[in-house]
Amino acid sequence: MTGLRAQKKADKNRRILAAATTLFRDVGYDSARIEDIADMAGVSVGTFYNYYKNKGDMLMATVSMEVEEVLASGATLIAHNHLDVGRAFADLIGKYYDHSLTYLSKEMWRTAMSLSIAQPDSPFSKRYTALDHRLSKQVCDLVRNLQIRGIVRKDVDCDAVGEMVFNNVNMMFIEFVKDEELDISGLKSAVARQNAPLASLITV
């Protein structure tokens, strides 16, 4: 019985998230009303508030869902037997970028970023920052794995390199969501070009 209740609760949550992301895309984050999200999800407004306090909570839940999925796929990729540092960077970063618009539009990312910056002490901002730290750590883990396998030089500080690579990944993603004309392919090409000198420097 407990399992059935949990399954129903998870199903309602999925429907609410699906409705929210659809409306955020269709009418924009600011114009999407909680009443319309609840109606599209087939739940009452009261039920909505049992799951989320406001639209910001929903946006953060969507960001979390997106990042958790790329972290899972990234963890699998780290275990690959890469023979080239640049290729390894491109594969992992490509996973991040390719998935970035699965649930969120550029407008939704801009809103999430602005909420995080405008309210640095809020739970939303702290959760957003924590997700960024996990992505950064994954890039560090990739560099460390390449070093263990003898592809990256032994004297390289894996955390420093991984953090530097991720900081650029993040900065370029901000530029990407600001520019409606820039596509994923162009973004990946630019970052691969920027990473090429560093990859050459740390390669055995």
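Look up: the structure comes first, before these words.
Fair warning: this is a prediction, and the values are worked out from it, not measured in the lab. For every chain, the first residue of the written sequence is number 1, and numbering continues from 1 along that sequence. Local features in this predicted model are restricted to residues whose pLDDT is 70 or higher, and side-chain atom pairs enter the listing and the counts only when it is 80 or higher, whereas totals over whole chains, interfaces and linings include all residues. Side-chain numbers come from the whole structure's heavy atoms, not from hydrogens or water.

(A) Summary view of the side chain of Ser 136. With respect to the element layout, Ser 136 can be found in helix α7 (residues 123-148). When sequence neighbours within four positions are dropped, the list of residues in contact with Ser 136 reads Glu 163 and Phe 166. Secondary structure follows DSSP: runs of H or I at least 4 residues long count as helices, runs of E at least 2 residues long count as strands, and numbering of each begins at the N terminus. Any two residues whose heavy atoms approach within 4.5 Å at even a single point are treated as in contact.

(B) Molecular detail of the packing of aromatic side chains. Stacked, tilted and edge-to-face are the three classes applied to pairs of Phe, Tyr and Trp rings, where Trp contributes its six-membered ring and a pair requires centres within 6.5 Å; stacked means planes under 30 degrees apart, edge-to-face means over 60, and tilted covers the rest. Under the criterion given, the structure shown has six aromatic pairs. Between Phe 24 and Tyr 29 the ring centres are 5.1 Å apart and the planes differ by 55°, which places this aromatic pair in the tilted class. Judged by centre distance (5.3 Å) and plane angle (90°), the ring pair of Phe 48 and Tyr 49 falls under edge-to-face. Taken together, Tyr 97, Trp 109, Phe 173 and Phe 176 form an aromatic cluster joined through their ring pairs. Working rule: Lys NZ or Arg CZ, within 6 Å of ring centre, within 35 degrees of ring normal, means a charge sits over the ring. The ring centre of Phe 176 lies 4.0 Å from the NZ or CZ of Lys 106, which sits over that ring.

(C) Just the packing of helix α6 (residues 106-118) against helix α8 (residues 158-178), in detail. Interaxial angle, 0 to 180 degrees, is taken between N-to-C directions of lines fitted to C-alpha atoms, where a helix line uses only the stretch in contact. For the pair α6 and α8, interaxial distance at closest approach is 8 Å and the crossing angle is 125°. The angle between α6 and α8 places the two elements in the oblique class. Where α6 crosses over α8, the two elements pack in a sense that is left-handed. Residues Lys 106, Trp 109, Arg 110 and Met 113 of α6 form the contact with α8, whose participating residues are Phe 173, Ile 174, Phe 176, Val 177 and Lys 178. Tallied by class, residues from the contact of α6 with α8 come to six nonpolar, no polar and three charged. Orientation is classified from the angle alone, with under 35 degrees giving roughly parallel, over 145 giving roughly antiparallel, 65 to 115 giving roughly perpendicular, and any other angle giving oblique. For a crossing to be left-handed, the near helix must be turned anticlockwise from the far one by less than a right angle; the clockwise case is right-handed. Note that Gly is not counted as nonpolar here; it falls among the polar residues with everything else outside the nonpolar set of Ala, Val, Leu, Ile, Met, Phe, Trp, Tyr, Cys and Pro and the charged set of Asp, Glu, Lys and Arg.

(D) Representation of the environment of Cys 158 in the model. Note that Cys 158 resides in helix α8. It is 44 Å that separates the C-alpha atoms of Cys 158 and Lys 8, two residues lying 150 residues apart in sequence.

(E) Broad picture of helix α9 (residues 184-202). A helix is expected to span 1.5 Å for every residue after the first. The first and last C-alpha atoms of α9 sit 26 Å apart over 19 residues, in line with the 27 Å expected at 1.5 Å per residue. At any given residue, the bend is defined as the angle formed between two axes, one fitted to the seven residues that end at that position and one fitted to the seven that begin there. The principal kink in α9, of about 35°, is found at Asn 195, preceding the proline Pro 197 by one to four residues. Only protein chains enter the accessibility calculation, which uses a 1.4 Å probe; a residue whose area is less than 20% of its type maximum is buried, one above 50% is exposed, and one in between is partly exposed. Within α9 the residues assigned to the buried category are Ile 184, Leu 187, Ala 190, Val 191, Asn 195, Leu 198, Ala 199 and Ile 202. On its buried face, α9 is in contact with α5 (85-99) and α8.

(F) Summary view of the nonpolar core. Residue types Ala, Val, Leu, Ile, Met, Phe, Trp, Tyr and Cys, when buried and joined through side-chain atoms within 4.5 Å, form a set referred to as a nonpolar core. Ranked by internal contacts, the top residues of the largest apolar core, which has 64 residues, are Phe 24, Ile 37, Met 58, Val 63, Phe 89 and Tyr 97. Elements supplying a minimum of two residues to this core: α1 (2-27), α2 (34-41), α4 (55-78), α5, α6, α7, α8 and α9. Residues within four places of Ile 37 in sequence aside, it is in contact with Ile 16, Ala 19, Ala 20, Leu 23, Phe 24, Phe 48 and Met 58.

(G) Structural context of the environment of Ala 90. By the secondary structure assignment, Ala 90 is in helix α5. Remark: the alpha-carbon pair of Ala 90 and Ala 196, spanning 106 residues in sequence, is separated by 9.7 Å.

(H) Representation of the side chain of His 82 within the structure. Relative to the elements of secondary structure, His 82 occurs in the loop between α4 and α5. The residues touching His 82, leaving out its near neighbours within four places in the chain, are Leu 77, Arg 87, Ala 88, Asp 91, Leu 146, Arg 149 and Ile 151.

(I) Structural view of the environment of Lys 95. Along the chain, the position of Lys 95 falls in helix α5. What makes Lys 95 partly exposed here is its relative accessible area of 36%. Residues Lys 95 and Ser 73, spaced 22 residues apart in sequence, show a C-alpha to C-alpha distance of 7.4 Å. Every residue in contact with Lys 95, bar those within four places of it in the chain, is listed here: Val 70, Ser 73 and Leu 77.

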